[in-house]
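Remarks on the overall topology
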Amino acid sequence: MERFPTLFFVAGVGCFAVAFLLSLVLPAMTLGNYHDMEYRTMEQLAAVPSHEFLELERVYPEAFEEAFGAADSASYAEALQLGRDLYVGQACWHCHSQYVREVANEAQRFGAPSRAQEYQNALNQPHLWGTRRVGPDLSREKGVHTNDWHVAHFLSPKNIVPSSVMPSYAYWFEADGTPKRDGFSIITYIQWLGTEEGRGEE
Amino acid sequence: MSSAALATNDLPDLTRTEGRSLVEYGLVRAHIAAAGVALAISMTAGFLYSLQFLGWFPFADEYLSPGHLRLVHTNLAAYGWLVNGFTAMTYYVIPRLTGQRVWSAKIGWLIFWVWQFILVATVSGFLMNKAQAIEWGETPTGFRPGTFELNWIPVDLLVVIGAVLLIVQLMVPLYRARDQKFYVTLWYFTAGLVWLALTYLMGNVIPEWVLPGAAGAATTGLFIHDLVGLYVTPMGWGLMYFFVPLILQKPIWSHSLSVIGFWALAFFYPLGGVHHFLLSPIPDYVEFGAITTTIAIEVVVTTVVVNFFMTLKGKTSALRDSFAIRWFYVGAVMYFITCLQCSFQVTWTFQKIIHFTDWVVAHAHLIMFGTFTFWLFGTIDWLWPRVTKRKWYSRNLRAWHFWLSTMAIVIMFVDLTIAGLIAGFMQRELNPWNDILDASLPFWWVRTFSGAMMIAGLFCGLYNMYMTCRHGEPYDETESLIPLSAD
Ligand code: HEM
């Protein structure tokens, strides 16, 4: 019990392996039994550009063209990926969660509770569930606000919500409020969140 | 008396063959110093981030943004402070308990510099938006998501290299001593080093490359949990089992309780991983398993804490005379509180309200600062004169460090716990988000204030360490014998 090999193999490797099997391999295997857990690639996710993305092109034609060319599924995919990268890099996910629980009236506040299959896609690898809500959950954020609202909000959250403690992201926008490439992308990504709701349920 | 204890009883003769010392003091000093610097930066980042909550954040550029500073805060606390600190201590403790030198001093310096380079690459990577989306594993992969194109220094890879070297470095003396019956500390260190390697690989590879979504979340939950439970906790307890008997000059109270504590930790602790994402799309039966084992851990924790308090019995004056013992036992009390809290907050009843709120932040600081940081402070307090061969420069500064830190963490904990309850209930009652922010604001002021106290305490400690090197009186006590074994 108190010798090197037991400690190394039984405690070190063995106990780790048991937990690995029970709390990781097993759920990974059984998740597929409950739901249609088909993985959705970026091409599939971005096949049809969202109308918010198309609207950005209409409202800011020159800036949009400079950033992405035309709004099609290729540029939509690019914007989604960059938006996600910014969301990760700026640690938005440490202030905003991305899953709605079935308790504490969350369905009333945020929308339908989350299901595993919504997260089985390229934009959730790794997932961005988060463990802290300084701001509200964002998993049903699509369409909650208009693009214009987001532009104004990212420029200065406090102007929109007086008590907000969210940082300003003005550097993603020109001085007159026109989004730069980063600005377009973060709005595109935020306006995507919730698109996969209900996926794989009959 | 076991051979491990005998090995340590050779202590007065720390110089072994070829006139080289058993312990690589240079490495111990260097890792302690690096740990101190990392903690100072981490706390400053945490402090600046807390100003964002008051609307006082001083910078407005893309690089020094609040989100980036939060990443710097938590990652330097983990990889800069705790890892450097524990590494320093293992360099000191393992050779003394096994009677064997580490693998190589040269490799030791290589590891040291690789590790500090990792920290620099991580922090600068954060400022350049390169974080990885894995909580507590945000160290940049260096690859563009989903591809093998490099877009930053591949920090994760360096961490693997550094960790593997470090593990070999420390496993060599353990392996050479494989015929001995190990002392408790070495149980924790042996298993903890294996766990560190497995945990890091699992957490950084699987969610990023193998399992997306909910199954990936089960993995990152396990990762967060294992990093704390299977690396930080074993290292911390290993140190306590070494330093407490050494300083109190008496063996640990019960050997059987140590055995129970160790094996129960090894078995139950990793099973609780999913408890970081409760009431989530992860299947309920997995959540129930995690909840049950988390509650079971409380029993284990109680045995260990009881063992330590019984050891203190009859020697309580040490709480007054020895700063190290003070740090250790105050830390142990906070450990007990945190773990007791665990067994309640892990239930769905509590989760409904407190998850996502400041309650969890209070909990995280109580364990990371109140316990593990306190234990490292305690070991540093005892060790610094011995590795620098200088007496402490100022006893007052040691006391200030202790009292400021203790008051700060108590204030921060109580404050954020209440804030979490208020915000949690307000969320449930569907209050507008604006009102929740208004209600939290006073508590965020107190948090920043307690953070300032914490920093003030730390700077007393760091200044004292620096002045000890520069102006401390010479110190050369022959190191005393250690009655480590209870059998
Ligand atoms: C100057 C003192 C400190 C201040 C002002 C401070 C402030 C903060 C803030 C504002 C957060 C973010 C909370 C949130 O997301 O709402 C945080 C998180 C965290 N801090 Fe600190 N901190 C301090 C010291 C420390 C120390 C010394 C450690 C560990 C050694 C530590 C470990 C952590 C951890 C683990 C988290 C993540 C908590 C979670 O996500 O639940 N902090 N801190």
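Structural data are supplied above this passage.
The following refers to the structure shown. (Residues numbered from 1 in each chain as written. Chains lettered and ligands numbered in written order. Predicted model: local features only at pLDDT ≥ 70, side-chain atom pairs only at ≥ 80, totals over all residues. Heavy atoms only, no water.)

Before going further, it helps to spend a moment on the overall build of chain A. Across its full length, chain A holds nine helices and zero strands. Ordered by position from N to C terminus, the α and β elements of chain A give α-α-α-α-α-α-α-α-α. When the backbone C-alpha atoms are referred to their principal axes, chain A occupies close to 70 × 40 × 35 Å. Burial statistics for chain A: of 202 residues in total, 56% are counted as buried. If you take every contact in chain A between residues at least 6 apart in sequence, the share linking residues at least 24 apart comes to 71%. Counting every atom, chain A has about 8200 Å² of accessible surface; 56% of that belongs to carbon and sulfur. (Helix = DSSP H or I, 4+ residues; strand = E, 2+ residues; numbered from the N terminus. Buried < 20%, exposed > 50% of the residue type's maximum accessible area, 1.4 Å probe, protein only. Contact = heavy atoms within 4.5 Å. Areas by Shrake-Rupley, 256 points an atom, 1.4 Å probe, with all protein chains shown as cover.)

The full count for this structure, using the stated rule, is 13 salt bridges over all chains. Among the ionic pairs, A:K142 bridges to A:E52, the shortest N-O distance being 3.3 Å. Taken together, the residues span a long stretch of sequence, with A:K142 in the loop between α6 (106-110) and α7 (147-155) and A:E52 in helix α3 (residues 51-59) at a distance of 90 residues. Overall, the relative accessible area of 32% leaves A:K142 in the partly exposed class. Across the pair B:D358 and A:R132 runs a salt bridge whose closest N-O atoms are separated by 2.7 Å. Here B:D358, found in helix α13 (residues 358-388), pairs with A:R132, found in the loop between α6 and α7, and the two come from separate chains. When its relative accessible area of 4% is taken as the criterion, B:D358 is described as buried. Taking the relative accessible area as the measure of exposure, A:R132 reaches 8% and is therefore buried. What you see here is one network of salt bridges that share partners, running through A:R101, A:E106, A:R133 and A:D137. (Salt bridge = Lys/Arg side-chain N within 4 Å of Asp/Glu carboxyl O.)

All names here are of chain B. Ligation of the iron atom of the ligand by protein atoms is provided by H73 (NE2) and H365 (NE2), these donors lying 1.9 Å from the ion. For the iron atom of the ligand, the six donor atoms in the first shell make angles of 87 to 180° at the metal, so the coordination geometry reads as octahedral. Of this pair, H73 sits in helix α3 (residues 66-98) while H365 sits in helix α13, placing them 292 residues apart in sequence. (Donors = N, O, S within 2.8 Å, 3.2 Å for Na, K, Ca; no water. Tetrahedral: all angles 85-135°; square planar, octahedral: opposite > 155°, others 65-115°.)

Next up on the list: the site of the ligand. A:R132, B:R70, B:H73, B:W136 and B:H365 are the nearest of the 27 residues found near the ligand. Within the contact set of the ligand, a nitrogen atom lies 2.7 Å away from a side-chain nitrogen or oxygen of B:H73. B:H365 is positioned with one of its side-chain polar atoms (N or O) 2.8 Å from a nitrogen atom of the ligand. Looking at the shell around the ligand, the elements that each hand over two or more residues are α2 (25-52), α3, α13 and α15 (433-471) of chain B. Its residues assigned to classes, the shell around the ligand shows 16 nonpolar, six polar and five charged. (Near = heavy atom within 4 Å. Polar contact = N/O pair within 3.5 Å; in protein donor to acceptor, adjacent residues only side chain to side chain. Nonpolar A, V, L, I, M, F, W, Y, C, P; charged D, E, K, R; others polar.)

Let us now look at the nonpolar core. Within the largest apolar cluster, 197 residues are counted, with the highest numbers of intra-cluster contacts made by B:Y92, B:W237, B:F243 and B:F328. Looking at this core element by element, the count peaks at 18 residues for helix α7 (residues 213-248) of chain B. Setting aside anything within four residues of it in sequence, one finds B:F243 in contact with B:Y92, B:V93, B:F328, B:T379 and B:W382. Counting 16 residues, the second largest nonpolar core, distinct from the first, contains A:M37, B:A214, B:A215 and B:F277. (Core = buried A, V, L, I, M, F, W, Y, C linked by side-chain atoms within 4.5 Å.)

On to the packing of aromatic side chains, then. All told, the structure shown has 64 aromatic pairs over all chains when counted by the stated rule. A ring pair is formed by A:F64 and A:F68, whose centres lie 5.6 Å apart and whose planes are at 45°; its orientation type is tilted. Of this pair, A:F64 and A:F68 both sit in helix α4 (residues 61-68), four residues apart, which is roughly one turn of the helix. In this structure, A:F64 and A:F68 share a single accessibility class: buried. Summarising the aromatic geometry, the rings of A:Y169 and A:Y171 are spaced 6.1 Å apart at their centres and angled 80° between planes, so their arrangement reads as edge-to-face. Per residue, the accessibility class of A:Y169 equals that of A:Y171, and both read buried. When the ring centre of B:F402 is taken as origin, the NZ or CZ atom of B:R326, which lies over that ring, is 5.4 Å away. (Phe/Tyr/Trp six-rings, centres within 6.5 Å; stacked < 30°, edge-to-face > 60°. Lys NZ or Arg CZ within 6 Å of the ring centre and 35° of its normal.)

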